[in-house]
Amino acid sequence: MAVPKRRQSQARGRKRRAHDAITLPNPSACPQCGEAKMPHRACPSCGTYQGRQALDKEE
Ligand SMILES: [Zn+2]
């Protein structure tokens, strides 16, 4: 099996990992109940999406 001839420098490995950071979720307020919800998802608190009831939730 092929094996690297030289150890990669710290800078090279660190440069590769410069793009590995994860991004935080970007919740927005639900227009129905004001609870934080994820974009393009039905609200986990009241179950509405785009002004209609999308999930079975009893208030
Ligand atoms: Zn809601």
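Computed from a predicted structure; not experimentally measured.

Engineer: What exactly am I supposed to notice about the overall build of the protein here?
Structural biologist: Along its length, the protein carries one helix and four strands. Starting at the N terminus and walking to the C terminus, you meet the elements of the protein as α-β-β-β-β. For the protein, the C-alpha radius of gyration of 22 Å lies well beyond 10 Å, the compact-globule estimate for 59 residues. With the C-alpha coordinates aligned to their principal axes, the bounding extent of the protein is approximately 65 × 25 × 15 Å. Put simply, the protein has 59 residues, and 12% of those count as buried.

Engineer: So what exactly am I meant to see when it comes to the coordination of the zinc ion here?
Structural biologist: Distances from the zinc ion to its protein donors, C30 (SG), C33 (SG), C43 (SG) and C46 (SG), fall within 2.2 to 2.4 Å. Here the zinc ion is ringed by four donor atoms whose angles at the metal span 106 to 114 degrees, and the overall shape comes out tetrahedral. Sequence spacing of the donor residues for the zinc ion, all on one chain, is C-x2-C-x9-C-x2-C. One end of the pair, C30, is in the loop between β1 (28–29) and β2 (36–37); the other, C46, is in the loop between β2 and β3 (48–49), and 16 residues separate them in sequence. A relative accessible area of 4% places C30 in the buried class.

Engineer: Got a minute to help me understand the environment of P39 in this structure?
Structural biologist: Within the secondary structure, P39 sits in the loop between β2 and β3. The sequence separation of P39 and A2 amounts to 37 residues, and the corresponding C-alpha distance is 46 Å.

Engineer: Help me understand the environment of P27 in this model?
Structural biologist: Considering the arrangement of structural elements, one finds P27 in the loop between α1 (10–17) and β1. Ignoring sequence-local partners within four residues, the contact set of P27 consists of A36, K37 and M38.

Engineer: Just checking my understanding: could you explain a positive patch on the surface for this structure?
Structural biologist: Where like charges cluster on the molecular surface, the positive patch consists of R12, K15, R16 and R17. Assignment of secondary structure puts R12 in helix α1.

Criteria and cut-off values
- Residues numbered from 1 in each chain as written.
- Predicted model: local features only at pLDDT ≥ 70, side-chain atom pairs only at ≥ 80, totals over all residues.
- Heavy atoms only, no water.
- Helix = DSSP H or I, 4+ residues; strand = E, 2+ residues; numbered from the N terminus.
- Rg over C-alpha atoms; globule rule 2.2 N^0.38 Å.
- Buried < 20%, exposed > 50% of the residue type's maximum accessible area, 1.4 Å probe, protein only.
- Donors = N, O, S within 2.8 Å, 3.2 Å for Na, K, Ca; no water.
- Tetrahedral: all angles 85-135°; square planar, octahedral: opposite > 155°, others 65-115°.
- Contact = heavy atoms within 4.5 Å.
- Patch = residues over 30% accessible without salt bridge, like charges linked within 9 Å, V, L, I, M, F, W, Y side chains within 5 Å.
- Areas by Shrake-Rupley, 256 points an atom, 1.4 Å probe, with all protein chains shown as cover.
- Salt bridge = Lys/Arg side-chain N within 4 Å of Asp/Glu carboxyl O.
- Lys, Arg positive; Asp, Glu negative; His and termini not counted.
- Charge placed at Lys NZ, Arg CZ, Asp CG, Glu CD.

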